[in-house]
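Residues per chain are reported as follows:
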Amino acid sequence: MTRTTDAGTTDMPLWRSLLYVPATAERFVAKAADRGADGVILDLEDSIPPDGKAAARAALATAVPTVAAGGCEVLVRINRPWRLALPDLEASVIAGVTGLCLPKVDSLHHLVEIDQVVSELEAERDLPVGRIRFCVLVETAQGIAEAACRNPTPRRWRRTRRRSGWRRARPG
């Protein structure tokens, strides 16, 4: 679902509800698209214990098409520390994923770095570069201060007044 303005349809989604589902919970994944949410977030972060991270990444290969077949937008919430985030991105930038939830973002620099990695992965995998949107989760005072005083310039970003501060825009 996208927002409609007097000027027409925008490229920013209007999600009324998002359902978090652990990527490894096959029973939940199978029913997620039937729950009426606008988007399903396949979680690699808090709902997955440290020893289950690799299995959760591997589960995306079947979970993404399962959820997408139900007509929902598919997002993946990755981990914040770089040593976890990079393998999460490797597993998440695949056909069928429409967005990435980026937790604990505390600086524009972090967003720029994530953008570069995702762009490289999209290009390597013959996906349209810039197609995957970012849902930025600002969870610290530092992140709020950064979001309030910075105007992002990379082509993927558009600032919104939503709780998360920054949202990734489709290229235009």
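Residues numbered from 1 in each chain as written. Predicted model: local features only at pLDDT ≥ 70, side-chain atom pairs only at ≥ 80, totals over all residues. Heavy atoms only, no water.

## Points about the nonpolar core
So, point 1. The biggest cluster of nonpolar side chains holds 36 residues, and the ones touching the most others in it are Leu-42, Leu-60, Val-67, Val-76, Ile-78, Leu-100 and Leu-102.
So, point 2. Sorting the residues of this core by element identifies helix H1 (26-32), strand E4 (39-43), helix H2 (53-68), strand E5 (73-77), helix H3 (82-92), strand E6 (99-102), helix H4 (108-124) and strand E7 (133-136) as the ones contributing at least two each.
So, point 3. With residues near it in sequence (within four places) discarded, Val-76 still touches Ile-41, Leu-42, Leu-44, Leu-60, Ser-92, Val-97, Gly-99, Leu-100 and Cys-101.
So, point 4. One finds Trp-15, Ile-41, Leu-75 and Cys-101 within the second-largest nonpolar core, a separate group that totals six residues. (Core = buried A, V, L, I, M, F, W, Y, C linked by side-chain atoms within 4.5 Å. Buried < 20%, exposed > 50% of the residue type's maximum accessible area, 1.4 Å probe, protein only. Helix = DSSP H or I, 4+ residues; strand = E, 2+ residues; numbered from the N terminus. Contact = heavy atoms within 4.5 Å.)

## Considering unusual backbone geometry
So, point 1. A positive phi angle is found at Lys-104, which is not glycine, with a value near 55°.
So, point 2. Within the secondary structure, Lys-104 sits in the loop between E6 and H4.
So, point 3. The class for Lys-104 is partly exposed, based on a relative accessible area of 31%.
So, point 4. A positive phi angle, near 55°, is found at Asp-126, a position not held by glycine.
So, point 5. On the secondary structure map, Asp-126 appears in the loop between H4 and E7.
So, point 6. On the basis of relative accessible area, Asp-126 is assigned to the exposed category, the value being 72%.

## Quick notes on the packing of H3 against H4
So, point 1. Contact geometry of H3 with H4 gives a least axis separation of 10 Å together with a crossing angle of 30°. With respect to H4, the axis of H3 lies roughly parallel. Once H3 is placed against H4, the crossing between them reads as right-handed. Side by side, H3 and H4 meet where Trp-82, Leu-86, Leu-89 and Glu-90 of the first sit next to His-110, Glu-113, Ile-114, Val-117, Val-118 and Leu-121 of the second.
So, point 2. Of the residues belonging to the contact of H3 with H4, the class tally is seven nonpolar, one polar and two charged. (Axes fitted to C-alpha atoms, helices over the stretch in contact; angles between N-to-C directions. Parallel < 35°, antiparallel > 145°, perpendicular 65-115°, else oblique. Left-handed = near helix turned anticlockwise from the far one by under 90°. Nonpolar A, V, L, I, M, F, W, Y, C, P; charged D, E, K, R; others polar.)

## Remarks on the confidence of the model for the chain
So, point 1. On average, the chain scores 84 in pLDDT, and the residues at 70 or more come to 79%.
So, point 2. When pLDDT is averaged over each helix and strand of the chain, the minimum, 45, is found for strand E1 (residues 2-5) and the maximum, 98, for H3.
So, point 3. Taken together, the stretch residues 2-10 has pLDDT below 50 and engages in twelve contacts with residues farther than four places along the chain or on a different chain.
So, point 4. Considering only residues more than four positions removed or in separate chains, one finds that residues 158-165, a stretch of pLDDT under 50, has 19 contacts. (pLDDT = per-residue confidence, 0-100.)

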